[in-house]
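# Observations on chain architecture
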Amino acid sequence: MNFLAPNIFFGFLALGTIPVILYLLFRRRKRDVPWAATYILRRTLEKQSKVNIWKQYVIVFIRTLAFIALPLVFLRPFQDWKPPGEGAFPRPPSSTHRLILLDLSRSMAASFGSGSCHDTSLSLCRKFLKAGTFPGRLDILSLNGSESLQIYEGLPVPEHEIEELLSKLELSSEPADFESGLRIALREFRASHYKRKEMFVLSDFSARDLGDYMGFAGVTRTLNSQGVHTYCLSYANPEARNFALLDMTPEMDLLLMGQPTIFYLKVAYYGTSPSADTWLSIHTVNGNVLFEDTINLAPGEKTLEIPLALKGNEQTLIAEIKEDDLTQDNQVQRSYRVSDKLRLAVVQNLNMTVGFENPGHWLKLAFPSGGVGAGVAKSVLRQKHIQERLRNRGQAEFIEKFLGDSKPGTKRYQTIVDSVLTSQAGAEFFRGKDGVIFIDVDSITDEVAQALYLYVVRGGTMMLSPGPTATPEKFNKSFKLILPAALAEPAADKIDPDNYHHAILDYAGNRLLRELEASKHGHIGNARFYNHYRLADGSLTEDAEVLFSLSDGSPLLVHRKIGRGSCLLWTAGIGGEWHSMVVHPAYPVFFKRMFNLAASRRRFAINLQPGEPIIREMESKRARILFPDGREETLTSNLVGETRYLRYDRTQSPGTYTLFPDLENKEIRISYHVAEDRRESDYRPLAGDDRNEFEELMGSILHPTEEALVNSLGASYQGTSLASQVAFILFCLLLLEAGLLRKWFA
């Protein structure tokens, strides 16, 4: 038994001696009085005294107990707190305001015990709702971007209301925002009229979510000063081991049939061991395996480069790793259009020279007439050449792992190059082309310039390559609508074989361009550039950027985005007059990469980020879309000019959106994939000094189990009060003492 006011115990204990002292002081003493008739009286008194002495002792004992019980009433005794039965949660004292901050991040889907962190936290919320005490209040608030409080004052909550509430507490794509949640809690507690205030934080307390926990130190200090009792329950697994597939992309949505393309697979390992292995597989939706192997990862993120070659039409690829603690990030699904043709347009002035003196000849070598595949016989982009190089290095097994279903003899794409003179170019000629190249052209008509502008705005890519014979003034005037920068005079009046520069990548934002600096792709930096056009000072437009420059700092390739399309300005000419790139393997690689990317940009994206619109050219007026959650909606396309387009903007939810362009034919479908934010895959908990500092900040340790939380909570409860029982005993003693006195001594 414990006391709420033990300090006054010894003062009241002295009161228990008062009845004894009074009895000893005022009891009747024996006195002999000589009297003749005393004999009979003495015999009577002796007989009565023997009877009364034990009655006096009983009265003194009752009074002593009463004097002892009186201070116990003021000491307010109570029994030690006892934990509730198995599966229950402690009921709070009367007039208690409880508030639960619940983490609904995707990381809470990780395994915990026999279920998941999310399921376990909801189970605890159910116990909270059943353990409510009236009068009192219970609030539940999500930490994931919602300021909507679930408030219950009619406690305990009925079973059907509990299940209805818990069904709404689903995992959110938003990360946990502790600062916002704590501020809302502070606001509610300040307005609360209840005597006791308790705050419970249920989370995995990942280091990623709490990266800047000192930012809400002021809020936690204010909560503590308001008398709020804080309790934290951590669902973190100290031996967390999670592999995650973060993304898979070849940096474009349109690929060329049979053409080996590097896929960049971003994977991560979040664990405590120095390294770990997992199984990685890439396959089509039909189950055709393209790649599978065991990969070893150190903690952190890593990008794997995996070359794959796909068949024609639309292909959906699925990358998977074996299941682990968090299964929702073990798969990535993406779709790609695979084209069997690459259509290019070449515009050139009349040039009677033949062979290597004609710049167009070098371009024909890069895109062989009617040829299959990419480039000249020894281009590093040819699959046969890749296989030869790997076999020579003793890596024959690498071919089977990485080239998937692209076997020798597989049908491959064709490059179709249509060439016309400058005077023959026009809007009709540009229509349907994946890219347009102007070779040594410095003058075009206004009509052609307007047609070019519309072609680019609608998604086309144009490369301008003025040669040694071009006049900068004419060139700038003819292409002023789309030029990223104005040309100035050439850097050198004549070629000096001993004076040259190398190409350097300035823009590293696209991996396709970074590939051009790799040795296995020809390394564009090995080529020598002897001359080039300078750019006029201050002429670079605000929306232009330099992709490649020369080692002297002069721009070599300048890019400008106009509408959905792009304009590229190559300042060193297509032919071999000013550089040696035409005889390097990087030459066909460069053009193939640039125009493969150009062809991809002509199409609307099918792999999207949250919020990016789904846009599709349509033939029918209506279409149907299937959402990731299984819902369906009928959409209406709009007529723009002579073409119908469908646009859908509500793509905030990640997952696969399936579009059925023909309402009558469900076999025709197009898949759009909205990427998922997988930052929550890294749910490694706070550790070491950071954990200790956070616990001190919150005023609570991170309890590892529900049992530890219950015991910590119970330590602050007083248990069952015995003050009323003691007061009742005191009343009974006083009543008994009065009754006995009346009966024995009246």
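Scope of this entry: the structure provided in the associated data block. What you see is a predicted model; the values in this text were computed from it and never measured.

## Comments concerning the overall build of the chain
Looking only at helices and strands, the chain has 18 helices and 36 strands in total. Buried positions account for 48% of the 746 residues belonging to the chain. Contacts in the chain between residues at least 24 apart in sequence constitute 74% of all its contacts with a sequence separation of at least 6. In the form shown here, the chain has an accessible surface area of approximately 37300 Å², with 52% of it arising from carbon and sulfur atoms.

## Thoughts on the packing of helix H4 (residues 117-130) against helix H5 (residues 159-168)
The geometry of H4 relative to H5 is characterised by a closest axis approach of 10 Å and an angle of 150° between their N-to-C directions. Of the possible angle classes, the one that applies to H4 and H5 is roughly antiparallel. Seen from above, H4 lies across H5 with right-handed handedness. Contacts from Leu122, Cys125, Arg126, Leu129 and Lys130 of H4 reach H5 at Glu159, Ile162, Glu163, Leu165 and Leu166. Of the residues that constitute the contact of H4 with H5, the class distribution is six nonpolar, no polar and four charged.

## Some thoughts on the sheet that holds strand S12 (residues 261-271)
Overall, antiparallel pairing links the three strands, which are arranged S10-S12-S15 in an open sheet. Here the strands that pair on one side only, and so sit at the sheet edges, are strand S10 (241-249) and strand S15 (300-308). Ignoring which end each strand starts from, the neighbouring axes of this sheet average 25° apart. Bridge count for S10 against S12 is eight bridges, and the pairing is antiparallel. Each residue of the ladder has a partner; that of Ala244, found in S12, is Ala268.

## Side note on a nonpolar patch on the surface
Among the surface-exposed residues, Phe728, Ile729, Phe731 and Leu735 lie close enough to one another that they form a single nonpolar patch of about 460 Å² accessible area. Inspection of the secondary structure puts Phe731 in helix H18 (residues 723-745). Judged by its relative accessible area of 52%, Phe731 falls in the exposed class.

## Considering the side chain of His118
Relative to the assigned elements, His118 resides in helix H4. Discounting residues that sit within four places of it in the chain, His118 has contacts with Leu104, Met108, Leu169, Glu170 and Leu171.

## Remarks on the pairing of S12
For S12, the buried fraction is high: ten of the eleven residues fall into the buried class. Looking at chain direction, S12 and S15 are connected through nine bridges and run antiparallel. Looking at the pairing, Tyr264 lines up with Glu305 of S15.

Each value, and the rule that gives it
Residues numbered from 1 in each chain as written. Predicted model: local features only at pLDDT ≥ 70, side-chain atom pairs only at ≥ 80, totals over all residues. Heavy atoms only, no water. Helix = DSSP H or I, 4+ residues; strand = E, 2+ residues; numbered from the N terminus. Buried < 20%, exposed > 50% of the residue type's maximum accessible area, 1.4 Å probe, protein only. Contact = heavy atoms within 4.5 Å. Areas by Shrake-Rupley, 256 points an atom, 1.4 Å probe, with all protein chains shown as cover. Axes fitted to C-alpha atoms, helices over the stretch in contact; angles between N-to-C directions. Parallel < 35°, antiparallel > 145°, perpendicular 65-115°, else oblique. Left-handed = near helix turned anticlockwise from the far one by under 90°. Nonpolar A, V, L, I, M, F, W, Y, C, P; charged D, E, K, R; others polar. Pairing = 2+ DSSP bridges. Patch = residues over 30% accessible without salt bridge, like charges linked within 9 Å, V, L, I, M, F, W, Y side chains within 5 Å. Salt bridge = Lys/Arg side-chain N within 4 Å of Asp/Glu carboxyl O.

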